[in-house]
Each structure stands twice: as structure tokens, then as C-alpha cells.
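Coordinates in review
Here is how the chains run, residue by residue.
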Amino acid sequence: MKSSLTLARKELAIMLNTPATYVISVVFMLITGWLFVSPLFQVNQSTLDTFFRPLPLIFTFLVPALTMRSFAEEFKTGTIEYLSTLPLEDHDIVLGKYLAAMGLLGLLIAFTLVFPVVLFFVGRPDPGQLVGVYVSIVGLASFFSAIGLFASVTTRNQVVAFIIGFFICFLFFLLNRVADFMPGLLANFVRGFSVDEHFDALARGVLDTRDLLYWATGTIFFLTACLSVMQSKKWR
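Residues numbered from 1 in each chain as written. Predicted model: local features only at pLDDT ≥ 70, side-chain atom pairs only at ≥ 80, totals over all residues. Heavy atoms only, no water.

**A short note on the overall build of the chain**
Short version of the rule: A helix here means a DSSP run of H or I that spans at least four residues, while a strand means a run of E at least two residues long, and both kinds are numbered starting from the N terminus. Values of the radius of gyration come from C-alpha atoms, whereas the globule rule sets the reference at 2.2 Å times the count of residues to the power 0.38. Any residue under 20% of the maximum accessible area for its type is buried, any over 50% is exposed, and the rest in between are partly exposed; the area is computed with a 1.4 Å probe on protein chains only. Between two residues, a contact is recorded if the distance between any of their heavy atoms is within 4.5 Å. Calculation of accessible area relied on Shrake-Rupley with a 1.4 Å probe; when residues are assessed, cover is drawn exclusively from the protein chains displayed. When charges are counted, neither His nor the chain ends are considered; positive counts come from Lys and Arg and negative counts from Asp and Glu. Just so you know, the charge point we use is NZ for Lys, CZ for Arg, CG for Asp and CD for Glu.
Summing up its helical and strand segments, the chain has 13 helices and zero strands in all. Compactness check: the chain gives a C-alpha radius of gyration of 19 Å against a globular reference of 18 Å for 236 residues, within 12% of the reference. Taking the principal axes of the C-alpha coordinates as reference, the chain spans close to 60 × 45 × 30 Å. Residue burial in the chain is summarised as follows: out of 236 residues, 48% are buried. Residue pairs in contact within the chain that sit at least 24 positions apart in sequence constitute 74% of those at least 6 positions apart. Roughly 12,200 Å² of accessible area belongs to the chain as shown, and the carbon and sulfur atoms make up 70% of that amount. Between the centroid of the 16 positive side chains of the chain and the centroid of its 15 negative side chains there is a distance of 5 Å.

Okay, structure coming up:
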């Protein structure tokens, strides 16, 4: 774990020294800020609904963009071989890069905490719902970060990594819409894999272990897949 944390700090420092990271972050804050303040001025309503409901779609673009270089750049420049010579196991590398991605997303999420603070001054928000909203956001960020890392490890090209990551994230986002056109049992089955289904449930303040298990299982699955691809490339 100590090795993973050391690598995570290094990766996070690299991300924070990349201009693209700041461009993406500023765009994210501008979009979410507008989504939050629009009901305050348009309908004089204090709510987080307009802020958090579009987040699954926003994260399908945001997270792959932030994680696309994680492994792709290492394979392109050959520095992955240098990492392999260090006293690091393969799972340490995957975990370190995952923690770095979550650290960066955690900073962005922390900046949005100003929104509920404002709500306490202009309205009476439900604290339970606020907790649920941010648990949902962290779960979504964790799941999509694992997908982004998996996409990045499959290619040497950052743009291709972004496209693959976006496609997979968007697929999970679309499942809830696709399920509307399916018969009963099949619709429920497909809807169970949708990020919207679990994101909205937690965001309503309903803390269900099935939703938490969904985020945890999805994250572990794609991190394991990322590790497997990395190891297969290493052996080749």
C-alpha cells in the first residue's frame, strides 16, 4: 500500500502539472456552476437536483479525459518498463494510478461543496439527501475511473483511450434508456446495470447496500481487467 501511495502522489503531481487538466477542470466547474445557479435565478428555487442529475452524462466525458494518459502515455514512451524495474508489483501500479485519478476527481468534487453551503444560506436542504448525493458522486467517480484506466491500458494512443473509455461509460449511462424498450423481466435486469438507476437512488437519500455494492463491484471488475491486460502486455 505504501508503494501504491507513493506512485499515486507522483501521478497526481504529473496530472496537476498538465495544462489539459486545468482546462478540463475549469470547464467542469463552469458547467456544474451554471447547472446549480440556474434554478436560483430562473425559478427562485434552492435545490441540488439540476447540479447532480446531469453528472452521469458529464462524467462520461470528464473521467475518460482525465484518465486517458494514465497507461497509454507509459506504453507510448516506454516508461512502463522503467516502472516494472522498480520494487512495485503490477497491482501496486494499477492501484497507484487509480488512487491518483480518484485524488484528482476528489479535488474537483471538493470544489463543488460550495453548492450545498450556499443552499444552507438560501434554503433548507435535507442533510440526508446531501450526503446521498455526494456518496453517489464518489461511487460514480470510482466506477468510471476504473473504466478509464482499463481503456488507457488497452492502447498506446491517448485519443483512442478516451474514445474507448467514453464508449464504455456511455454504454452504462444508456442502459436505463434502453431498458424502457424491453419487456418486464429483461428490462429490470438491464436496468440493474445502469449507473442512473443506482446514482438516482442514493442521491434521493436512500442508502441501499445494493447501490454501494454496485459501485464497488464495478470498480473492482474493471481494475481487475486493467491488471489482466497490463500483465498480458508485459508477458508479450
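More follows now that the structure is in view.
**Some thoughts on the side chain of Thr112**
Topologically, Thr112 is positioned in the loop between helix H7 (90-111) and helix H8 (114-122). Since its relative accessible area comes to 2%, Thr112 is described here as buried. Setting aside residues no more than four positions away along its own chain, Thr112 makes contact with Phe28, Met29, Phe51 and Tyr134.

**Describing the packing of aromatic side chains**
The criterion, for reference: When the centres of two rings from Phe, Tyr and Trp lie within 6.5 Å, Trp using its six-membered ring, the rings pair. Their planes under 30 degrees apart give stacked, over 60 give edge-to-face, and anything left gives tilted. Both a distance and an angle decide whether a charge sits over a ring: NZ of Lys or CZ of Arg must be within 6 Å of the ring centre and within 35 degrees of the ring normal.
With the rule as written, the count across this model stands at 18 aromatic pairs. Judged by centre distance (5.1 Å) and plane angle (70°), the rings of Phe51 and Phe115 are edge-to-face. In this pair, Phe51 sits in helix H3 (residues 49-52) while Phe115 sits in helix H8, placing the two residues 64 residues apart along the sequence. Residue Phe51 is classed as buried on the basis of its relative accessible area, which comes to 1%. Three or more aromatic residues link up through ring pairs in this structure, and these residues are Phe143, Phe144, Phe150, Phe172, Tyr214, Trp215, Phe221 and Phe222. Directly above the aromatic system of Phe71 lies the positively charged group of Lys97, at a separation of 5.3 Å from the ring centroid. Above the face of the Phe173 ring, Arg177 is positioned so that its terminal group lies 4.2 Å from the ring centre.

**Quick word on the state of the cysteines**
Applied cut-off: Criterion for a disulfide: a pair of cysteine sulfur atoms within 2.5 Å.
Applying the stated criterion across every chain yields a total of zero disulfides. Sulfur of Cys169: no disulfide; nearest cysteine sulfur belongs to Cys226 and is 13 Å away. For Cys226, a relative accessible area of 0% corresponds to the buried category.

**Comments concerning the packing of helix H5 (residues 69-77) against helix H9 (residues 127-153)**
Keep this limit in mind: Axes here mean lines fitted to C-alpha atoms, for a helix over just the part in contact, with angles spanning 0 to 180 degrees between N-to-C directions. In this scheme, roughly parallel covers angles under 35 degrees and roughly antiparallel covers those over 145, while 65 to 115 is roughly perpendicular and the rest are oblique. Two helices crossing with the near one rotated counterclockwise from the far one by less than a right angle form a left-handed crossing, whereas a clockwise rotation gives a right-handed crossing. The residue classification treats Ala, Val, Leu, Ile, Met, Phe, Trp, Tyr, Cys and Pro as nonpolar and Asp, Glu, Lys and Arg as charged. All others, Gly included, are polar.
Look at H5 against H9: their axes get within 6 Å of each other, and the N-to-C directions meet at 20°. The pairing of H5 with H9 is recorded here as roughly parallel in orientation. The interaxial crossing formed by H5 with H9 has right-handed handedness. For the pair H5 and H9, the contacting residues are Arg69, Ser70, Phe71, Ala72 and Phe75 in the first and Leu149, Ser152 and Val153 in the second. Split into classes, the residues belonging to the contact of H5 with H9 amount to five nonpolar, two polar and one charged.

Purely spatial values, then, with no claim about function.
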